[in-house]
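# Structural overview
Spelled out, the chains give:
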Amino acid sequence: ILIDVLKKVEFGEKEYIEIKKYCDEKNITFLCTAWDIPSVDFLEKLNVPAYKIASSETTNLSLLRKMACTGKPIIVSTGMCDIIDIEEALHVIKATGNTKIAILQCTTLYPLELDKVNLSVIRTLADRFNCPIGYSDHTLDSVSAIASIGVGANIIEKHFTLDKNLPGPDHKASLEPDGLKAMVSAIRTVEM
């Protein structure tokens, strides 16, 4: 049933081209997660400035290698990985000569309950790897995203929606416009 929902809301190349054009007009950085090698080829045509690899694909070493060979920064999500998976992913990226890597602490549950967030992993990743560390937040609010700044996160990924009641798997754990604005404001305050 989830596949039926995803098919209804998935974009084709035309929609991605429109979104990229709109982002360029509004001076918004357009990023996209590539799920396979043909997607990397397509995103290269759109001239994305960086790549993100989804938690479920971090062990897809051929996909990581393809992204890394572009020479662009790669944001590695870790929600379905152990430390050995992360080390192997970084080794594959660095073997191409690409050292522009950031890591996101992520727990792959939708929505994520606050007692399962475990922000201390951010410090563990920072101690182990010499790169920027961030936090991918799937909770129902923004408390843990804001708190992650205090433990060293310098990238925040939070899903965004126009309406939490829309069909699809991510809307419930996403922020609506006012919530996103409040989260960004709170993060800027914590950074000070």
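Residues numbered from 1 in each chain as written. Predicted model: local features only at pLDDT ≥ 70, side-chain atom pairs only at ≥ 80, totals over all residues. Heavy atoms only, no water.

### What to know about the side chain of Thr58
- Examined against the element boundaries, Thr58 turns out to sit in the loop between strand S1 (51–53) and helix H4 (61–68).
- Take Thr58: its relative accessible area is 0%, and that puts it in the buried class.
- A polar atom in the side chain of Thr58 sits 2.6 Å from the backbone oxygen of Ser77.
- If we ignore the near neighbours within four places in the chain, the residues touching Thr58 are Ile53, Leu64, Val76, Ser77, Cys81 and Ala89. (Helix = DSSP H or I, 4+ residues; strand = E, 2+ residues; numbered from the N terminus. Buried < 20%, exposed > 50% of the residue type's maximum accessible area, 1.4 Å probe, protein only. Polar contact = N/O pair within 3.5 Å; in protein donor to acceptor, adjacent residues only side chain to side chain. Contact = heavy atoms within 4.5 Å.)

### Quick word on a nonpolar patch on the surface
- A cluster of nonpolar residues, Phe160, Leu162 and Leu166, forms a patch on the protein surface that exposes about 320 Å² of accessible area.
- Given a relative accessible area of 45%, Phe160 falls into the partly exposed group. (Patch = residues over 30% accessible without salt bridge, like charges linked within 9 Å, V, L, I, M, F, W, Y side chains within 5 Å. Areas by Shrake-Rupley, 256 points an atom, 1.4 Å probe, with all protein chains shown as cover. Salt bridge = Lys/Arg side-chain N within 4 Å of Asp/Glu carboxyl O.)

### Here we look at the packing of aromatic side chains
- Scanning the entire structure with this criterion turns up two aromatic pairs.
- Here Phe11 and Tyr16 contribute two aromatic rings whose centre-to-centre distance is 5.6 Å and whose plane-to-plane angle is 80°, an arrangement assigned as edge-to-face.
- The exposure class assigned to Tyr16 is partly exposed, which follows from its relative accessible area of 24%.
- With a centroid separation of 6.4 Å and 70° between ring planes, the pair formed by Tyr16 and Phe42 is classed as edge-to-face. Of the two residues, Tyr16 sits in helix H2 (residues 13–25) while Phe42 sits in helix H3 (residues 37–45), which places them 26 residues apart along the sequence.
- By relative accessible area, which is 13% here, Phe42 ends up buried.
- Members of the aromatic cluster, connected to one another through ring pairs, are Phe11, Tyr16 and Phe42. (Phe/Tyr/Trp six-rings, centres within 6.5 Å; stacked < 30°, edge-to-face > 60°.)

### Focus on the packing of H3 against H4
- Running from N to C, H3 and H4 cross one another at 15°; their axes reach a closest spacing of 9 Å. Put simply, H3 runs roughly parallel to H4. Judged by the twist between their axes, the crossing of H3 over H4 is right-handed. Residues Ile37, Val40 and Asp41 of H3 form the contact with H4, whose own contacting residues are Ser62, Leu63, Lys66 and Met67. (Axes fitted to C-alpha atoms, helices over the stretch in contact; angles between N-to-C directions. Parallel < 35°, antiparallel > 145°, perpendicular 65-115°, else oblique. Left-handed = near helix turned anticlockwise from the far one by under 90°.)

### Quick notes on the layout of surface pockets
- Estimates place the volume of the second largest pocket at around 250 Å³.
- What lines the second largest pocket is a set of 13 residues, among which Ile156, Met183, Val184, Ile187 and Arg188 lie closest to the centre.
- At the level of elements, strand S5 (156–158) and helix H8 (177–191) are the ones that each hand at least two residues to the lining of the second largest pocket.
- Ranked by residue count, the leading element in the lining of the second largest pocket is H8, at six residues.
- A per-class count over the lining of the second largest pocket returns eight nonpolar, one polar and four charged. (1 Å grid on protein atoms, 1.4 Å probe; cavity = no way out; pocket = protein on both sides within 12 Å on 5 of 7 lines; lining within 4 Å. Points joined across faces, edges and corners; volume = space filled by probe spheres on them. Nonpolar A, V, L, I, M, F, W, Y, C, P; charged D, E, K, R; others polar.)

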